[in-house]
Amino acid sequence: MKKAKRSVLIADRVADHTITIGGILVIVAVLAIMVFLIQQALPLFKAGHVTSRVAYDLDAGSEPVAAMAMDEHKTFAVVLLTDGNVIAVHAKTGTRLSSAAADFQGKEITSSATTSDRSSMALGFSDGTIRLARIDFPSAVIPSSELPAGLHKLDDRDLTDGSSVYSRVPGNQYRHISTEIRMEDPLAVSESGKPIVALDCNAGGEAERQTRAFVAVDSNGLATLNTAYGSLNLLTGETRTTVEQTRLPQIPGGVELHAVALTPASGMVLIAGKNGDVYRYNTSDTNAPVLAETTRVLPEGVDLTVFGFLLGGQSLVVGGTDGSLNIFFLLDRDAANTTDGRMLLRTREFERGGSSFVRFDPSPQGKSFAIAEASGALKVIHGTSQKTLMSFTPDSGVAEYRRILLAPRLDGLMAVGSDGRAHFWEFSVPHPETTFGALFRKVWYEGHPEPTFTWQSSAATDEYESKFSLVPLIFGTIKAAFYSLLFAIPIAILGAIYTSEFVHHRMRSVIKPAMEMMVSLPSVVLGFVAALVLAPIVETWIAAVILAFFVIPLALITTAYLWQLLPLRIALRLEGVPKFCLISLTVIAATYGAYRMGPVFEDLFFAGDFKSWLNGSRGSPEPFLFLLFMPVSLIAIGLLASRLRGSRRGDRPEARVHTRAGRIRPAMVDIVRWLVMLMGAALCSYGISRMLGSLGLDARGSLVDTYVQRNTLVVGFAMGFAVIPVIYTIAEDALNSVPEHLRAASLACGATRWQTAIHVVLPTAISGVFSAVMIGMGRAVGETMIVVMSAGNTPIMDINVFNGLRALSATIAVELPEAVKNGTLYRILFLAGLVLFSMTFVINTVAELVRIRFRKRAMQL
Amino acid sequence: MVDSRVTYTESLETINYPKHGGRGVVIEIKDFSLWYGHQQALFNNTLSIERGLVTALIGPSGCGKSTLIRSLNRMNDLIDGLRTQGQIHFSDENIYNPNVDVIGLRKRMGMVFQKPNPFPMTISENVTYPLKVDGIRDRRLLDETAEKALRAAALWDEVKERLHANALGLSGGQQQRLCIARAIAGDPEVLLMDEPCSALDPLATAKIEDLIYQLRGQYTIIIVTHNMQQAARVSDNTAFMYLGKLIEYGDTRTIFTNPKHGRTQDYVTGRFG
Ligand SMILES: Nc1ncnc2c1ncn2[C@@H]1O[C@H](COP(=O)(O)OP(=O)(O)OP(=O)(O)O)[C@@H](O)[C@H]1O
Ligand SMILES: [Mg+2]
């Protein structure tokens, strides 16, 4: 006896521990997923970090620096001085490497420019000529066996033969890198042979027929737009360059020039004076440039210090002596007082520097740029996210930098001081584009007329500005969940009430498992049925579908009233399966009716064509407003009527035994009352729609708008089908668990079954029903395949039911396979996962809390 | 055995209330039989309930008391496979006529169950439920009725401060009186009580019994009880049932002091049951 008791105790304890451990493991697993997601997403919000820093003297005299270049691997740094001297150093150590000086025949470089991709540059000379040039870093990987003899060591990775560098790369191989400066023949640009004072250039064309465009301004203020076509002579292998030149309209005399800027497709030339005046030339027709706009980009009295485009030529970075730093876009504006209807607008404002920004270098990769203050402080900033990626200050005070240079892969910054010292920082900024603001707030993207929430993660070119706003995706998720719940909740809950309170238990034992089986319907099947079958049907029969929303409920209510007219004896006999069949038949008949009446309805309400009505090209707004207000006014009138009726007492039915006539009369009265209410509602909503219509209100353009085949309506249907069984099953269980004695109490008070269901059963089970809805919502929010397949995946923020959407889950499913591991998109998708997880977590937690409360209350009963 | 008999007689003496005397028959059960599926639960019962009096139904467990009382307001309708034979007349209408308005019938017969079953709502919502079901929303009328019913159920003083508190917060006895108040609020003619005190302690039971005295005359009350003393104390007439059959029906004093049938005698003296 004692022994048995002990074994029971042990079993009890083991079970207890197993359950506890199991529960803790589940919690740990959920937390671990959360921690993992956070850990994956967190680096997005971090700035960069420095990996190494060096400073060394460049034996560069006091000549200004005309150009600088660096290879992708940060091996070489090449500095071209205005007198033609070339200083090549090993960037990491500052070891001087030999390189041939360029021969400028005694001419000085007076201005220079580099294309935004850094493939070539233009050098302007004191005699009014221009030479196109390029600094290349030819590289080849060789096996270590082919390493020449007599190399000496630069650092633990690199060896040199004095002019080129051998860098060890994985796999016992070496990368051989050298420098090569190629100068093309001088092109006479200034007719009068005056020095070129400002220059900007861009590369274009294809590989076979390269074009390089450049704007040059000579000291007379003569500005020219030049396009150089290089043509390869296949016989000799030489390239010949021909230049087409167009003069730009003269800028006013007395303007002290600061810089010129040219957009990539040569569509626009900006000439900026020192005082902040900017002359914008529209050069889209290169033969007939026009001065389109004269504007100021700085307040009065502030001088220009920084002026140049970011990669892509859309964001114009402007810095002034007041320490300000702004980005301007050229945008279409109705208010623009310019010849082409566009104007330069300040769109982004950066944190002011302690002193004015004086040096600027855009990254050839993405929208980052480096900027140097007059005080010597340096920053690397991302133009879109406005995130300060890096900031540096040299140990030794620097008066001023001659020039700064961002490494091609945005992983290094070199600054040459006026004292001849070069400072070189290596750093790593894995995710320059992301800040909290860029992900969750409105951002004014290049080319957009105003700040927007936009998701556009991948692009064809480097120049493309990535748009990583999660807001449209969150919006899409909520929109899909909202519309599917709008469809699912009434059906699921009414269905649950019907089966738990009205249906014969034999019927119930069939319906319930059938619905439970629907829960396990693969959502991918629902998704493709929705996309391939439902979407075209809904599109073709859209008017009928809208009509069905009105016809089916009306038909059901009417049938219910007519049912009361049946003789009781027959009604009692038909209770059960025949009644259920009648309900189904009513739905089918109403659907068929809607289908047949669809075209008539379309003619009557939408001027014959729903889609062109949606576009606003025909029809008036009133009919739709009428439909919209019909249910609202019906409910309002119904409530009003019952309130009016309820205030009188004494009309208790004294009828003890209903004779046939005694039963039919009240039913007839009911039907008449219902018809009167319906008419009243129609009249009321007609009045409202006329009033709103005359006020100029129109649902088109907001609630409904252009029709897309894979739209939210279809998603609502398909996801509704996924969600209905979930809500139905849980809600039905909740309703069913309401103790029988409460139903008995209610019925004994003379309540009908419907009154019992609505006034007693539903309120008692409300928390269970609520948690059913929440779990359904959780499912709708997390649902992936249906939205991937049937939502169209357009990341737009539009409440229009007839437009598509893009949900968080769908985005993750679609884009994760293409995202580079640990890249920005990859981590953003994890962040999207975290957001989704948090949404479902919150929803499920609320559901669970409500459920716990519900259990407590159920225990009291 | 003799002792207990003395007790009943004593208790009858102590009550000493004036006998109302029947004001006519309100419910007439005529040759009524009932089957749960194939199992017959009631056998050809015939019984008339007098208006304004308290009628007790007694009998051993499973003899069909609940079945009979639930037949009176057709609460048995909810049970699957139920079949009846015979008639029950209420105000001269056969309530088993298929055309009868069951909802209306139930409104005229309040019912109190064995286990207190207040709705998980506020006290006032509970009491006014029958009115709500009638579609009455006039606040003043609802409040008046609630107060009247709660006073009638001797609960007013205990709950008037917390009419809007959840009814489930009341004690078992209070809950049962609330259920009585709810039954009264619907302004019924008959009150059906199926072992209303079986879940209550003696004090609460005494309160309910007091209440029954007070309601007596105003309503026709039919009460099922296992407590002989209670039956003896509160009822005017007593019906003794055994195995689905009405064995003896008559004046309470007669049933307890001078029953005709041996079974009745055995039962009321506690020899079986
Ligand atoms: N819902 C039902 N389905 C089938 N049989 C039932 C049902 N309710 C009661 N019975 C049967 O009918 C008979 C009478 O039951 P009833 O509940 O009326 O007895 P009772 O006198 O109220 O007993 P108690 O004093 O224990 O409450 C019993 O044999 C019982 O098993
Ligand atoms: Mg019973």
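Quantities reported herein were computed from a predicted structural model and do not represent experimental measurements.

**Points about the site of ligand 1**
All names here are of chain B.
- Near ligand 1 you find Tyr36, Gln39, Ala41, Gly59, Ser61, Gly62, Cys63, Gly64, Lys65, Ser66, Thr67 and Ile79, and these make up its full shell.
- Mapped onto the shell around ligand 1, the elements with two or more residues apiece are strand 2 (39-50) and helix 2 (65-72).
- Sorting elements by how many residues they give to the shell around ligand 1 places helix 2 first, with 3 residues.
- A per-class count over the shell around ligand 1 returns 4 nonpolar, 7 polar and 1 charged.

**Examining the packing of helix 3 (residues 471-502) of chain A against helix 15 (residues 766-782) of chain A**
All names here are of chain A.
- Closest axis-to-axis distance for the helix 3/helix 15 pair is 9 Å, and the angle between their directions is 140°. Here helix 3 is positioned oblique relative to helix 15, judged by the angle of their axes. The interaxial crossing formed by helix 3 with helix 15 has right-handed handedness. When helix 3 is examined against helix 15, the residues Thr477, Ala480, Ala481, Ser484, Leu485, Ala488, Ile489 and Ile493 are found in contact with a partner set consisting of Val769, Val773, Gly776, Met777, Ala780 and Val781.
- When its residues are assigned to classes, the contact of helix 3 with helix 15 shows 11 nonpolar, 3 polar and no charged.

**Topic: the sheet that holds strand 22 (residues 277-282) of chain A**
Residues and elements named next belong to chain A.
- Spatial strand order, 20-21-22-23: 4 strands in an open sheet with antiparallel pairing. Taken across any chain shown, the strands that pair with only one partner, and hence form the sheet edges, are strand 20 (257-262) and strand 23 (290-296). Each neighbouring strand pair of the sheet contributes to a mean axis angle of 20°, computed without reference to strand direction.
- Where strand 21 (residues 268-273) and strand 22 come together, 5 bridges link them in antiparallel fashion. Bridged to Val269 within strand 22 is Tyr281.

**Side note on the sheet that holds strand 1 (residues 25-36) of chain B**
- What the 4 strands build is an open sheet, ordered 2-1-4-5 (chain B); its pairing is antiparallel. Looking at which strands have only one partner, the edges of the open sheet turn out to be strand 2 and strand 5 (93-94) of chain B.

**Observations regarding the pairing of strand 7 (residues 121-125) of chain A**
All names here are of chain A.
- Of all 5 residues that make up strand 7, 5 are buried, and the element is covered over most of its length.
- Along strand 7, one buried face is formed by Met121, Leu123 and Phe125 and the opposite face, lined by Ala122 and Gly124, is buried too.
- Alignment of strand 6 (residues 109-114) against strand 7, held across 5 bridges, turns out to be antiparallel. Within strand 7, the residue paired with Thr114 across the bridge is Met121.
- Counting the residues in the hairpin turn of strand 6 and strand 7 gives 6 residues, including Arg118, whose phi is positive at 65°.
- Pairing of strand 7 with strand 8 (residues 129-136) involves 4 bridges; the strand directions are antiparallel.

**Side note on the environment of Ala377(A)**
- In this structure, Ala377(A) sits in the loop between strand 29 (368-373) and strand 30 (378-382).
- When near neighbours in sequence (up to four residues on either side) are disregarded, Ala377(A) contacts Gly354(A), Ser391(A) and Thr393(A).

**Overview of helix 14 (residues 753-764) of chain A**
- Of all the residues in helix 14 of chain A, the buried ones are Gln755(A), Thr756(A), Ala757(A), His759(A), Val760(A), Val761(A), Leu762(A) and Thr764(A).
- Contacts made by the buried residues of helix 14 of chain A are with helix 3, helix 12 (712-736), helix 13 (740-748) and helix 15 of chain A together with helix 5 (129-133) of chain B.

**Some thoughts on helix 8 (residues 577-606) of chain A**
Residue and element names in this part refer to chain A.
- The terminal C-alpha atoms of helix 8 lie 40 Å apart, and with 30 residues this matches the ideal 44 Å at 1.5 Å per residue to within 8%.
- At Gly598, helix 8 shows its maximal kink, close to 50°; a proline, Pro599, follows between one and four residues later.
- Listing the buried residues of helix 8 in full gives Ala590, Ala594, Gly598, Phe601, Glu602, Phe605 and Phe606.
- Positioned one or two residues after helix 8, Ala607 has a phi angle of 55°, which is positive.

**Focus: the nonpolar core**
- Core analysis: the largest hydrophobic core is formed by 183 residues, its most contacted members being Ala480(A), Ala530(A), Ala718(A), Ile727(A), Ala731(A), Ile786(A) and Ala181(B).
- Among the elements that line this core, the one with the most residues is helix 12 of chain A, at 17 residues.
- The residues that make up this core include at least three from each of domain 3 (335-444) and domain 4 (473-540 + 703-859) of chain A.
- When near neighbours in sequence (up to four residues on either side) are disregarded, Ile786(A) contacts Ser523(A), Leu526(A), Gly527(A), Ala530(A), Val715(A), Ala718(A), Met719(A) and Ala722(A).
- Membership of the second largest hydrophobic core comes to 103 residues, among which are Met68(A), Ala77(A), Phe307(A) and Tyr401(A).

**Focus on the domain arrangement of chain A**
- Segmenting chain A into domains produces domain 1 (63-102 + 138-178), domain 2 (105-130 + 190-290), domain 3 (335-444) and domain 4 (473-540 + 703-859).
- Here domain 1 of chain A and domain 4 of chain A have C-alpha centroids that lie 63 Å from each other.

**Focus: unusual backbone geometry**
All names here are of chain B.
- Although it is not a glycine, Asn44 sits at a positive phi angle of roughly 40°.
- On the secondary structure map, Asn44 appears in strand 2.
- Using a count of 14 C-beta atoms within 10 Å as the deciding quantity, one classes Asn44 as partly exposed.
- One non-glycine residue, Ala154, lies in the positive phi region at around 55°.
- Of note, Ala154 is situated in the loop between helix 6 (139-152) and helix 7 (156-159).

Rules behind the numbers
Residues numbered from 1 in each chain as written. Chains lettered and ligands numbered in written order. Predicted model: local features only at pLDDT ≥ 70, side-chain atom pairs only at ≥ 80, totals over all residues. Near = placed C-beta within 6 Å. Helix = DSSP H or I, 4+ residues; strand = E, 2+ residues; numbered from the N terminus. Nonpolar A, V, L, I, M, F, W, Y, C, P; charged D, E, K, R; others polar. Axes fitted to C-alpha atoms, helices over the stretch in contact; angles between N-to-C directions. Parallel < 35°, antiparallel > 145°, perpendicular 65-115°, else oblique. Left-handed = near helix turned anticlockwise from the far one by under 90°. Contact = placed C-beta atoms within 7 Å. Pairing = 2+ DSSP bridges. Buried ≥ 20, exposed ≤ 12 C-beta atoms within 10 Å, placed from the backbone. Expected span 1.5 Å × (residues − 1). Bend = angle between axes of the 7 residues up to and from the residue. Core = buried A, V, L, I, M, F, W, Y, C linked by C-beta atoms within 7 Å. Domains from an automatic or database assignment.

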